[in-house]
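# Summary of structural features
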Amino acid sequence: MTGTTRVPSPRTATAGGLGAVDAAIIDACVALRLPSIRDNYAEIAERALRDRSNYLGFLLELLKNECEHRDERRKERLVRGANFHRPKRIEDFDYGANHNVTPEQVNSLTDPSWVLSGQPLCLIGGSGTGKSHLLIGIGTAIAEAGLKVRYTTTAALVNELVEAAHEKHLTKTIHKYGRYDLLCLDEFGYLNLDRTSAKLLFQIFTEREERRSIAVASNAPFGEWSKTFTEERLCGAIVDRLTFKGHVIETGHESYRLMTTLAERGA
């Protein structure tokens, strides 16, 4: 019969010294792609014997172990796939060093409900105030909640779009970025974009509008975005898309990095 999985029959012994039953269990786990059961069945079996579990209890422990490890592996894949350029977690953010940001405000954004609703997020503040940490930390929490996240700098995204336009696969690239549940754009507002680059970036916003969330970290307040998007109407449209039903966190202008450096020198 084709299309069925063949469970290996027990063997008498293996080169590694495994018994016939152990070898058959491992072969079956490999065939069924159950790596956690393969790695942990012996330990779980010993615990079941000590606790005098019945067969159903033993089976439940095996399946729970596989589900838990599979969930962890999926979280790891989603975080890796987000392409964060350095690891940052919300739990490590120093609220004591930046009183402009409150744990309540940030922790509410680790819940994926705002992403599922397609709401935007803007992190506005000076250099060294924790914008990138918050952007990556929130993005990591959303990825660990099971959603697809992508992190990139604005410059890298614009360069990719310009290259895609030259190579005539712009539509494919825009659709690629339209599939992520959350797009994290760092260093937003650092560039002075020409008309063509600004319009290419605007297509990403249009593709995702009210369907998929965008989170940006910018060192410039909204009033200065006209330096990045020199066309007034285009600038207004981008600000509108990033603020409508959105979240705004202002991180202030006192650089945490500068204060840390001065404190270390003083010490």
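Residues numbered from 1 in each chain as written. Predicted model: local features only at pLDDT ≥ 70, side-chain atom pairs only at ≥ 80, totals over all residues. Heavy atoms only, no water.

## A closer look at the environment of Lys 64
The residue Lys 64 is located in helix 3 (residues 55-82) in this model. A sequence separation of 28 residues divides Lys 64 from Ser 36, and the C-alpha atoms of the two residues are 9.9 Å apart. (Helix = DSSP H or I, 4+ residues; strand = E, 2+ residues; numbered from the N terminus.)

## Overview of the side chain of Thr 228
With respect to the element layout, Thr 228 can be found in the loop between strand 4 (213-218) and helix 10 (232-243). Once residues within four sequence positions are removed from consideration, Thr 228 is found in contact with Gly 189, Leu 191, Asn 192 and Leu 193. (Contact = heavy atoms within 4.5 Å.)

## Details of the packing of aromatic side chains
For the structure on display, the rule yields seven aromatic pairs. On the numbers, 5.0 Å between centres and 70° between planes, the contact of Phe 93 with Tyr 95 is edge-to-face. By relative accessible area, Phe 93 is classed as buried at 9%. When its relative accessible area of 18% is taken as the criterion, Tyr 95 is described as buried. Their ring planes at 65° and their centres at 5.0 Å tell us that Phe 188 and Trp 225 sit as a pair that is edge-to-face. Taken together, the residues Phe 188 in strand 3 (residues 182-188) and Trp 225 in the loop between strand 4 and helix 10 connect sequence positions 37 residues apart. Judged by relative accessible area, which is 0%, Trp 225 ranks as buried. Aromatic ring contacts, followed pair by pair, group Phe 188, Phe 205, Phe 222, Trp 225 and Phe 229 into a single cluster. (Phe/Tyr/Trp six-rings, centres within 6.5 Å; stacked < 30°, edge-to-face > 60°. Buried < 20%, exposed > 50% of the residue type's maximum accessible area, 1.4 Å probe, protein only.)

## Examining the environment of Thr 228
Since its relative accessible area comes to 4%, Thr 228 is described here as buried. Taking the C-alpha atoms as reference, Thr 228 lies 9.9 Å from Arg 195; in sequence the two are 33 residues apart.

## What about helix 10?
Between its first and last C-alpha, helix 10 extends 17 Å over 12 residues, near the 16 Å set by a 1.5 Å rise per residue. Three or more residues of helix 10 are buried, namely Leu 234, Cys 235, Ala 237, Ile 238, Val 239 and Leu 242. Looking at the packing, one finds that the buried side of helix 10 touches strand 1 (121-125), strand 3, helix 9 (195-208) and strand 4. At the C-terminal side of helix 10, Lys 245 shows a positive phi close to 55°. (Expected span 1.5 Å × (residues − 1).)

Geometric descriptors of this kind do not, in isolation, establish any biological role.
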